[in-house]
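Per-entry structural report
The chain contents come next:
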Amino acid sequence: MTTAIFFALDGTLLTRAEPFDAVLAATFEAELGHVEADWLARYERRFEAHAAAFVPDPHERALADVREAFDLDADPGALAEALAETDREATRVSDDAVEALRKLGVDDELGVLTNGPRAWQLGKLAHHDLQGYFSAVVAADDADARKPDAAIYEAAREAVDADEYVMVGDDYEADVEGARAAGFVPIHFEREGPDFWSTLLAML
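Right, let's walk through the structure included here.

Reading guide: rules and limits
Within each chain, residues carry numbers counting from 1 in the order of the written sequence. Reporting of local features is limited, given that this is a predicted model, to residues whose pLDDT is at least 70; pairs of side-chain atoms are given and counted only at 80 or more, and all residues count toward the totals for whole chains, interfaces and linings. Processing note: side-chain calculations cover all non-hydrogen atoms of the structure and skip hydrogens and water entirely. Without a salt bridge and with relative accessible area above 30%, a residue can belong to a patch; like charges are then joined within 9 Å and nonpolar side chains (Val, Leu, Ile, Met, Phe, Trp, Tyr) within 5 Å. Surface accessibility in these figures is a Shrake-Rupley result with a 1.4 Å probe; residues are shielded only by whichever protein chains are displayed. Salt bridge criterion: a side-chain nitrogen from Lys or Arg within 4 Å of a carboxyl oxygen from Asp or Glu. The charge count treats Lys and Arg as positive and Asp and Glu as negative. His and the chain ends do not count. Throughout, a charge is located at the NZ atom of Lys, the CZ atom of Arg, the CG atom of Asp or the CD atom of Glu. A run of H or I in DSSP counts as a helix once it spans at least four residues, and a run of E counts as a strand once it spans at least two, with each numbered from the N terminus. Whether two residues are in contact is decided by their heavy atoms: any pair within 4.5 Å suffices. Relative accessibility thresholds used throughout: buried, under 20% of the residue-type maximum; exposed, over 50%; partly exposed, between the two (1.4 Å probe, protein chains only). Any N or O atom pair separated by 3.5 Å or less is treated as a polar contact, with the protein-specific requirement of one donor-capable and one acceptor-capable atom, and with residues adjacent in sequence counted only for side-chain atom pairs. Strand pairing is assigned whenever DSSP detects at least two bridges linking the two strands. Axis lines are fitted to C-alpha atoms, over the contacting stretch for helices. Their N-to-C directions set the angle, which ranges from 0 to 180 degrees. Side-chain rings of Phe, Tyr and Trp (the six-membered ring for Trp) are treated as a pair once their centres are within 6.5 Å; stacked means planes under 30 degrees apart, edge-to-face means over 60, and tilted covers the remaining angles.

1. A word on a negative patch on the surface
Judged by side-chain charge, Asp57, Glu60, Asp75 and Glu81 come together as a negatively charged surface patch. Relative to the elements of secondary structure, glutamate 60 occurs in helix α3 (residues 58-70).

Below, the structure is given as structure tokens:
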């Protein structure tokens, strides 16, 4: 029997050295010389709206909205590139996670199932040299749906042919309840308690 194991990216495969709002603030500081709370709030609202509508480049679109709203002298494309680089630098992947992926990939098909924009998430995987471990990366904008919507899980099924599907993720509603409803075997990535990856690795 073939098994496909999909992982959430942010909060599961990758952890953060600092929260995204700190990364966003640092990017504004570096690129524009200062940052204001209204910029951050505007960005958050507009990014969520663009991401929910599955528009291309929601980060850049949100930054363009901030520039327009506050009449900033900034290029949204350049800001988005700087933000993406700073965000990648703020993520971490453990050695145990990498080793667990290597061992799991011997017998199982591995994939990433993420609510983030595809291009942004592929950049993170490339930054950590992880893309070679996965047969498929399915993002929200591939399916025009976000977990826990069944449509994104169906897109994962279409991307990888297997007899059984497993979802590993940290968000209980999106990654556990959504996966179970879609016929996946859910595994909740617990942030508290024993380290998930070292525990998994010890079992392989």
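After that view of the structure, there is still more to cover.
2. Here's the deal with the environment of alanine 156
Inspection of the secondary structure puts alanine 156 in helix α8 (residues 150-159). Placed 23 residues apart in sequence, alanine 156 and alanine 179 show a C-alpha to C-alpha distance of 11 Å. Those residues in contact with alanine 156 that lie beyond four places of it in its chain are Phe6, Leu113, Val138, Tyr165 and Phe184.

3. Quick notes on the pattern of salt bridges
Inspection of every chain in the model, using the stated rule, returns 9 salt bridges. The partner of arginine 16 in a salt bridge is aspartate 87, with the nearest N and O atoms 2.4 Å apart. On the criterion of sequence distance, the pair formed by arginine 16 in strand β2 (residues 15-16) and aspartate 87 in helix α4 (residues 76-89) is long-range, its members being 71 residues apart. For arginine 16, a relative accessible area of 33% puts it in the partly exposed group. In this structure, the salt-bridge partner of arginine 46 is aspartate 65, at a minimum N-O distance of 2.9 Å. Of the two residues, arginine 46 is situated in helix α2 (residues 37-52) and aspartate 65 in helix α3; the sequence distance between them amounts to 19 residues. The class for aspartate 65 is buried, based on a relative accessible area of 15%. Counted as one network, the salt bridges with shared partners bring together Asp10, Arg16, Asp87 and Lys124.

4. Let's talk about helix α9 (residues 172-181)
Turning to α9, its buried residues number three or more, namely Ala174, Asp175, Val176, Gly178 and Ala179. Its buried side turned inward, α9 meets α8, β6 (164-169) and β7 (185-188). The N-cap of α9, judged by a side-chain oxygen 3.1 Å from the amide nitrogen of glutamate 173 a few residues on, is aspartate 171. A positive backbone phi angle near 90 degrees is found at glycine 183, which sits one or two residues after α9.

5. Quick notes on the sheet that holds strand β1 (residues 3-7)
The 5 strands lie next to each other as β5-β4-β1-β6-β7, forming an open sheet whose pairing is parallel. Taken across any chain shown, the strands that pair with only one partner, and hence form the sheet edges, are β5 (136-139) and β7. Sheet twist, expressed as the average angle between the axes of neighbouring strands with direction ignored, equals 20 degrees. Relative to strand β4 (residues 109-114), β1 is paired through 4 bridges, and the arrangement is parallel. Within β4, the residue paired with phenylalanine 7 across the bridge is valine 112. Contacts between helix α6 (residues 118-127) and the sheet are confined to β4 and β5, with β5 contributing the most and set at about 140 degrees to the helix. Against the sheet, α8 makes contact with β1, β4, β5 and β6, and its axis sits at roughly 160 degrees relative to β5, the strand it touches most.

6. Some details on the packing of aromatic side chains
All told, the structure shown has 10 aromatic pairs when counted by the stated rule. A ring pair is formed by tyrosine 153 and phenylalanine 184, whose centres lie 5.0 Å apart and whose planes are at 65 degrees; its orientation type is edge-to-face. One end of the pair, tyrosine 153, is in helix α8; the other, phenylalanine 184, is in the loop between α9 and β7, and 31 residues separate them in sequence. Each member of the pair tyrosine 153 and phenylalanine 184 is classed as buried. Ring geometry for phenylalanine 196 against tryptophan 197: centres 5.2 Å apart, planes inclined by 90 degrees, an arrangement best described as edge-to-face. Classification of tryptophan 197 as buried rests on a relative accessible area of 4%. One aromatic cluster is present, built from ring pairs that chain together Phe6, Tyr153, Tyr165 and Phe184.

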